[in-house]
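Residues per chain are reported as follows:
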Amino acid sequence: MLKIIINADDLGISEDVNNAIAECFAERFITSTTLMVNMDYADEAVELARRSGWHERVGLHLNLTSGRPLTKEIARHKCFCDREGNFNAAFFHDMYKRMHFNKEQTMAVRAEAEAQIIRYLEYGLPDKHLDSHHYVHTDASVWKAVEPLIEKYGLRSVRLTRNMHGRMGFAKRLYKERFNRRLKTMPVQTTDYFGSFKDFMLCREDLTDGSLVEIMVHPMHNEAGRLVDTDKPIEEEIDYLSRIKYVKEFY
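Conventions adopted
- Residues numbered from 1 in each chain as written.
- Predicted model: local features only at pLDDT ≥ 70, side-chain atom pairs only at ≥ 80, totals over all residues.
- Heavy atoms only, no water.
- Phe/Tyr/Trp six-rings, centres within 6.5 Å; stacked < 30°, edge-to-face > 60°.
- Helix = DSSP H or I, 4+ residues; strand = E, 2+ residues; numbered from the N terminus.
- Buried < 20%, exposed > 50% of the residue type's maximum accessible area, 1.4 Å probe, protein only.
- Pairing = 2+ DSSP bridges.
- Right-handed = clockwise from strand over helix to strand, strands pointing away.
- 1 Å grid on protein atoms, 1.4 Å probe; cavity = no way out; pocket = protein on both sides within 12 Å on 5 of 7 lines; lining within 4 Å.
- Points joined across faces, edges and corners; volume = space filled by probe spheres on them.
- Nonpolar A, V, L, I, M, F, W, Y, C, P; charged D, E, K, R; others polar.
- Axes fitted to C-alpha atoms, helices over the stretch in contact; angles between N-to-C directions.
- Parallel < 35°, antiparallel > 145°, perpendicular 65-115°, else oblique.
- Left-handed = near helix turned anticlockwise from the far one by under 90°.
- Contact = heavy atoms within 4.5 Å.
- Core = buried A, V, L, I, M, F, W, Y, C linked by side-chain atoms within 4.5 Å.
- Salt bridge = Lys/Arg side-chain N within 4 Å of Asp/Glu carboxyl O.

Colleague: Hey, could you run me through the packing of aromatic side chains in this one?
Modeller: The description of two aromatic rings rests on the distance between their centres and on the angle between their planes. Tallied over the full model, the rule gives 9 aromatic pairs. On the numbers, 5.8 Å between centres and 70° between planes, the contact of Phe 91 with Phe 101 is edge-to-face. Here Phe 91 is found in the loop between strand E3 (58-62) and helix H3 (95-99), whereas its partner Phe 101 is found in the loop between H3 and helix H4 (103-122), with 10 residues between them in sequence. Overall, Phe 91 belongs to the buried group, its relative accessible area being 0%. With a relative accessible area of 4%, Phe 101 lands in the buried category. Among the aromatic residues, ring-to-ring pairing joins Phe 80, Phe 91 and Phe 101 into one connected group.

Structure (structure tokens):
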């Protein structure tokens, strides 16, 4: 039997997402969430988490692609930010940059990641788990900048790179396998598998019995006010998962 962790990404990105995640906790649809500390609704999210009693289940959603950075240096690089100083996700669409930064870019990313980790810890959130918006921490260039911070700040768990997938090219599969092996040698906890609900449905028959699986969801409300994960009613996903094994322990 599989053990399932269901994490709601993007806490703090908007008021609606904050409320949708709170509703998911109230309905026991999710087991954890991760916070974008640089976004405008981060303070509100933390207050909501404390008031509702799920602040111990909040990790860090490292963000280098949306909103405004916490540090000034990274805004000087056009591969990270636009002229107004907002993240532009340019590096995310450049495969070379996803594999390699120059020294100045690496140090700028490290400084921004460190600032976000510090902001997260200043909120007093105890989970100390790290994942990232658009999976950027799994890019070789970003990981080179972030890896030294994991032990420095005592982060206790890190999300794998996505390894539940339908079809995947050889080079991409090899990279993911190497990244995940490297992560498992570090003094942090990980799951055995990670992906979306769609990924899980495609691969569920191939997953090793007894494995710990993380499934990411992105709760929000549709125009009718119904709780959805992108465009799929979230209760339909949870109904299926609850028939497998829904765990209340976290990383």
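Colleague: Sorry if this is basic, but what is going on with the pairing of strand E2 (residues 32-35) here?
Modeller: Looking along a regular strand, one sees side chains alternate from face to face of the sheet. With burial as the criterion, each face of E2 is covered, one bearing Ser 32 and Thr 34 and the other bearing Thr 33 and Leu 35. Looking at chain direction, strand E1 (residues 3-11) and E2 are connected through 3 bridges and run parallel. Bridge assignment links Asn 7 to a residue of E2, and that residue is Ser 32. At this point the chain moves from E1, through helix H1 (residues 15-26), to the parallel E2, and the crossover so formed is right-handed.

Colleague: How do you make sense of the layout of surface pockets when you look at a structure like this?
Modeller: If a probe as big as a water molecule is rolled over the atoms, it shows which places are left empty. What the largest pocket holds in volume is close to 340 Å³. Arg 98, Asp 139, Thr 161, Lys 172 and Lys 176 are the residues nearest the centre of the largest pocket, which is lined by 13 residues in total. The element contributing the most residues to the lining of the largest pocket is helix H6 (residues 170-184), with 4 residues. When its volume is computed, the second largest pocket comes out at roughly 210 Å³. The wall of the second largest pocket is formed by Asn 163, Met 164, His 165, Met 168, Arg 173, Lys 176, Glu 177, Asn 180, Tyr 193, Cys 203, Asp 206 and Leu 207. The greatest single-element share of the lining of the second largest pocket, amounting to 4 residues, is contributed by H6. In terms of residue class, the lining of the second largest pocket is built from 5 nonpolar, 3 polar and 4 charged.

Colleague: Looking at this structure, I do not really get the packing of H1 against helix H2 (residues 42-52). What am I missing?
Modeller: When two helices pack together, their arrangement is given by the angle between the helix axes and the distance between those axes. At a closest axis distance of 10 Å, the pairing of H1 and H2 adopts a crossing angle of 20°. With respect to each other, H1 and H2 are oriented roughly parallel. Our pair here, H1 against H2, has a crossing hand that is right-handed. Only Glu 44, Ala 45 and Leu 48 of H2 make contact with H1, whose side of the interface consists of Glu 15, Asn 18, Asn 19 and Ala 22. For the contact of H1 with H2, the per-class residue count stands at 3 nonpolar, 2 polar and 2 charged.

Colleague: What am I meant to see in the sheet that holds E1 here?
Modeller: Two modes of strand pairing occur in sheets, parallel and antiparallel, and in both the strands are linked by backbone hydrogen bonds. As summarised here, the arrangement of the 7 strands in space is E5-E4-E3-E2-E1-E7-E6, forming an open sheet in which the pairing is parallel. Strand pairing shows two members of the sheet lacking a second neighbour, strand E5 (157-158) and strand E6 (193-196), which therefore form its edges. Relative to strand E7 (residues 212-217), E1 runs parallel, the two being bridged by 6 bridges. By the bridge assignment, Ile 4 is partnered in E7 with Val 213. Where H1 meets the sheet, its contacts fall on E1 and E2, and the angle it forms with E1 comes to roughly 160°. Along the sheet face, H4 touches E3 and strand E4 (129-132) and points at about 160° away from the line of E3.

Colleague: Would you take a moment to explain the nonpolar core for this structure?
Modeller: Proteins that are soluble and globular tend to have nonpolar side chains buried together. In this structure, Ile 30, Leu 35, Trp 54, Phe 200, Val 213 and Leu 241 are the most contacted members of the largest nonpolar core, which totals 73 residues. Sequence-distant contacts of Leu 35, defined by excluding residues within four places in its chain, comprise Leu 11, Gly 12, Ala 42, Ala 45, Val 46, Val 58, Gly 59, Leu 60, His 61, Tyr 123 and Leu 125.

Colleague: What is the right way to read the pairing of E7 from this model?
Modeller: Taken across its 6 residues, E7 has 5 buried, putting it largely inside the fold. Sheet topology places E6 next to E7; 4 bridges connect them, and they run parallel. Across the sheet, residue Gly 195 finds its bridge partner in E7, namely Ile 215.

Colleague: Explanation requested: the environment of Gly 210 in the structure shown.
Modeller: Secondary-structure assignment places Gly 210 in the loop between helix H7 (197-203) and E7. With residues near it in sequence (within four places) discarded, Gly 210 still touches Met 1, Leu 2 and Lys 3.

Colleague: How do you make sense of the pattern of salt bridges when you look at a structure like this?
Modeller: One side chain can pair with another of opposite charge once the charged atoms of both are near each other. Under the definition given, this model contains 13 salt bridges. Of the charged contacts in the structure, one is a salt bridge between Asp 127 and Arg 156, with a shortest N-O distance of 2.9 Å. With Asp 127 in the loop between H4 and E4 and Arg 156 in the loop between helix H5 (140-152) and E5, the pair connects residues that are 29 residues apart, well separated along the chain. The residue Asp 131 makes a salt bridge to Arg 159 at a minimum N-O spacing of 3.1 Å. In this pair, Asp 131 sits in strand E4 while Arg 159 sits in the loop between E5 and H6, placing the two residues 28 residues apart along the sequence. With a relative accessible area of 0%, Asp 131 lands in the buried category. When its relative accessible area of 1% is taken as the criterion, Arg 159 is described as buried. Look at the salt bridges and you will find they share partners, linking Asp 9, Asp 131, Arg 159 and Glu 214 into a network.

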